[in-house]
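Here is what each chain is made of, one letter per residue.
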Amino acid sequence: MSSKKDAVFITSLVILWYSTNIGVLLLNKFLLSNYGFSFPIFLTMCHMSACAVLSYISIIFLNLVPLQRLKSRSQFLRIATLSIVFCASVVGGNISLKYLPVSFNQAVGATTPFFTALFAYLMTRKREAWATYTCLVPVVAGVVIASGGEPSFHLYGFIMCISATAARAFKSVLQGVLLSSEGEKLNSMNLMLYMAPIAVAVLIPAALVMEPDVLGLVVTLGKEHKFMWTFLFVNSTMAYGANLCNFLVTKHTSALTLQVLGNAKGAVAVVISILIFRNPVTLIGIAGYTMTVMGVIAYGESKRRLK
């Protein structure tokens, strides 16, 4: 009976994880493309503000996880560095959604393992087996093919998407380097508690400088579209929910299960986005994305077998 309850709990958790992650992605696209809400930096600031407030409530008041206190100024500076890189990845991803369909955005995002392997080698000289590196060939080749077959291809959006993907991979490698000592490791919930306020402090001046009159324009749009504030609130809350669900799924499943579910999540997001936004797709684009996903799966399997 207990195992049945566990199965139901984990299944519900995975569904919630999919819903929040895909929901944030689709709402980002909806806000940035449909409402004339062309403020990706301000949108990221809203996400980080929600993460800061809800992380504090979850850890300090609800005690979802024990509070891990910072132990030194150098640890704070390392977390601040991670926060800035994380900001760059999220902002870049949101800017790309303004110009690219979600399906192509996800295809490019699937190349994260390639950049992770590259940065791991450049920063730590960590080498993988040649078989593992070989699996990255279809990952990159698939995106090249998908780019050639993408009817809505936009160069600036593509550059932002690649930059966001590279920054996301850089952040994961940097996190392993900067927080490698046992005494300074933080779980993802506590890391978000400290990173989110720093991100907000960085994004507020960035939004005011790079998106002039953003506050006035957002208020005007809110008056024209009565549901915009609701979408923005739900979207920002979901951004925190996605981080919380990612932590819980990681905690309650194996690394392999998480990897398989993550690969499937990207495919589900692509299908749902095509159904909702009706963006045109080609057989070449589908073939390229499929090649990339298969390469990612082979890469993960190769790493697992060689451990």
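Residues numbered from 1 in each chain as written. Predicted model: local features only at pLDDT ≥ 70, side-chain atom pairs only at ≥ 80, totals over all residues. Heavy atoms only, no water.

## Regarding the overall build of the protein chain
Regarding its fold elements, the protein chain presents 13 helices and zero strands. When the helices and strands of the protein chain are listed from N to C terminus, the series reads α-α-α-α-α-α-α-α-α-α-α-α-α. The C-alpha radius of gyration of the protein chain comes to 19 Å, within 12% of the 19 Å expected for a compact globule of 307 residues. Dimensions along the principal axes, computed over C-alpha positions, put the protein chain at roughly 55 × 50 × 50 Å. Burial analysis of the protein chain (307 residues in total) assigns 47% to the buried set. Restricting to contacts in the protein chain with at least 6 residues of sequence separation, those with at least 24 account for 86%. Counting every atom, the protein chain has about 15400 Å² of accessible surface; 70% of that belongs to carbon and sulfur. Treating the 23 positive side-chain charges of the protein chain as one cloud and the 9 negative ones as another, the clouds have centres 6 Å apart. (Helix = DSSP H or I, 4+ residues; strand = E, 2+ residues; numbered from the N terminus. Rg over C-alpha atoms; globule rule 2.2 N^0.38 Å. Buried < 20%, exposed > 50% of the residue type's maximum accessible area, 1.4 Å probe, protein only. Contact = heavy atoms within 4.5 Å. Areas by Shrake-Rupley, 256 points an atom, 1.4 Å probe, with all protein chains shown as cover. Lys, Arg positive; Asp, Glu negative; His and termini not counted. Charge placed at Lys NZ, Arg CZ, Asp CG, Glu CD.)

## With respect to a nonpolar patch on the surface
Taken together, the side chains of Val53, Tyr56, Ile57, Ile60, Phe61, Leu62, Leu64 and Leu67 make up a nonpolar region of the molecular surface, amounting to roughly 720 Å² of accessible area. As for its position among the elements, Ile60 is in helix 2 (residues 40-61). (Patch = residues over 30% accessible without salt bridge, like charges linked within 9 Å, V, L, I, M, F, W, Y side chains within 5 Å. Salt bridge = Lys/Arg side-chain N within 4 Å of Asp/Glu carboxyl O.)

## A short note on the packing of helix 2 against helix 3 (residues 73-99)
Angle between the axes and distance between the axes: these two values describe a pair of packed helices. Look at helix 2 against helix 3: their axes get within 9 Å of each other, and the N-to-C directions meet at 130°. Relative to helix 3, the element helix 2 lies oblique. Between helix 2 and helix 3 lies a crossing whose hand is right-handed. Residues Pro40, Ile41, Leu43, Thr44, His47 and Met48 of helix 2 pack against Phe86, Val90, Val91, Asn94 and Ile95 of helix 3. In terms of residue class, the contact of helix 2 with helix 3 is made up of eight nonpolar, three polar and no charged. (Axes fitted to C-alpha atoms, helices over the stretch in contact; angles between N-to-C directions. Parallel < 35°, antiparallel > 145°, perpendicular 65-115°, else oblique. Left-handed = near helix turned anticlockwise from the far one by under 90°. Nonpolar A, V, L, I, M, F, W, Y, C, P; charged D, E, K, R; others polar.)

## Describing the packing of aromatic side chains
The full count for this structure, using the stated rule, is twelve aromatic pairs. Their ring planes at 70° and their centres at 6.0 Å tell us that Phe104 and Phe153 sit as a pair that is edge-to-face. Residue Phe104 is found in helix 4 (residues 102-109), and its partner Phe153 is found in the loop between helix 7 (136-148) and helix 8 (155-178); the two are separated by 49 residues along the sequence. In this structure Phe104 comes out as buried when scored by relative accessible area, which is 2%. Between Trp130 and Tyr133 the ring centres are 5.9 Å apart and the planes differ by 65°, which places this aromatic pair in the edge-to-face class. Of this pair, Trp130 and Tyr133 both sit in helix 6 (residues 130-134), three residues apart, which is roughly one turn of the helix. On the accessibility criterion, Trp130 (71% relative accessible area) is exposed. The class for Tyr133 is partly exposed, based on a relative accessible area of 21%. (Phe/Tyr/Trp six-rings, centres within 6.5 Å; stacked < 30°, edge-to-face > 60°.)

## A closer look at the nonpolar core
In this structure, Phe37, Phe42, Ile79 and Leu203 are the most contacted members of the largest nonpolar core, which totals 60 residues. For this core, the element with the most residues is helix 9 (residues 188-210), which contributes twelve residues. Among all residues touching Phe42, those that are not within four sequence positions of it are Phe37, Ala207, Glu211, Val214, Leu215, Val218 and Leu232. Phe104, Val108, Ala146 and Tyr289 belong to the second largest nonpolar core, which has eleven residues in total. (Core = buried A, V, L, I, M, F, W, Y, C linked by side-chain atoms within 4.5 Å.)

## Re unusual backbone geometry
With a phi close to 55°, Asn63 is a non-glycine residue in the positive phi region. For Asn63, the location among the structural elements is in the loop between helix 2 and helix 3. On the basis of relative accessible area, Asn63 is assigned to the exposed category, the value being 56%.

## Details of the environment of Leu82
Position of Leu82 relative to the elements: it lies in helix 3. Taking the C-alpha atoms as reference points, Leu82 and Leu203, separated by 121 residues in sequence, lie 14 Å from one another. Beyond its immediate sequence surroundings of up to four residues, Leu82 is in contact with Lys171, Leu174, Gln175, Leu178, Leu179, Leu191 and Met195.

## What to know about the confidence of the model for the protein chain
Regions with low pLDDT should not have their predicted coordinates read in detail. This prediction gives the protein chain a mean pLDDT of 89; 97% of its residues lie at or above 70. The element-level mean pLDDT for the protein chain is lowest in helix 12 (residues 255-277), coming to 79, with helix 2 highest at 96. (pLDDT = per-residue confidence, 0-100.)

## Concerning the state of the cysteines
Counted under the stated rule, the structure contains zero disulfides. There is no disulfide at Cys87, and the cysteine sulfur nearest it, in Cys51, is 11 Å away. (Disulfide = S-S within 2.5 Å.)

## What about the side chain of Glu150?
For Glu150, the position within the fold is in the loop between helix 7 and helix 8. Lacking a salt bridge, the buried Glu150 has Lys29 as its closest oppositely charged neighbour, with an N-O distance of 9.3 Å. At 3.0 Å, the side chain of Glu150 forms a polar contact with the backbone nitrogen of Ser152. (Polar contact = N/O pair within 3.5 Å; in protein donor to acceptor, adjacent residues only side chain to side chain.)

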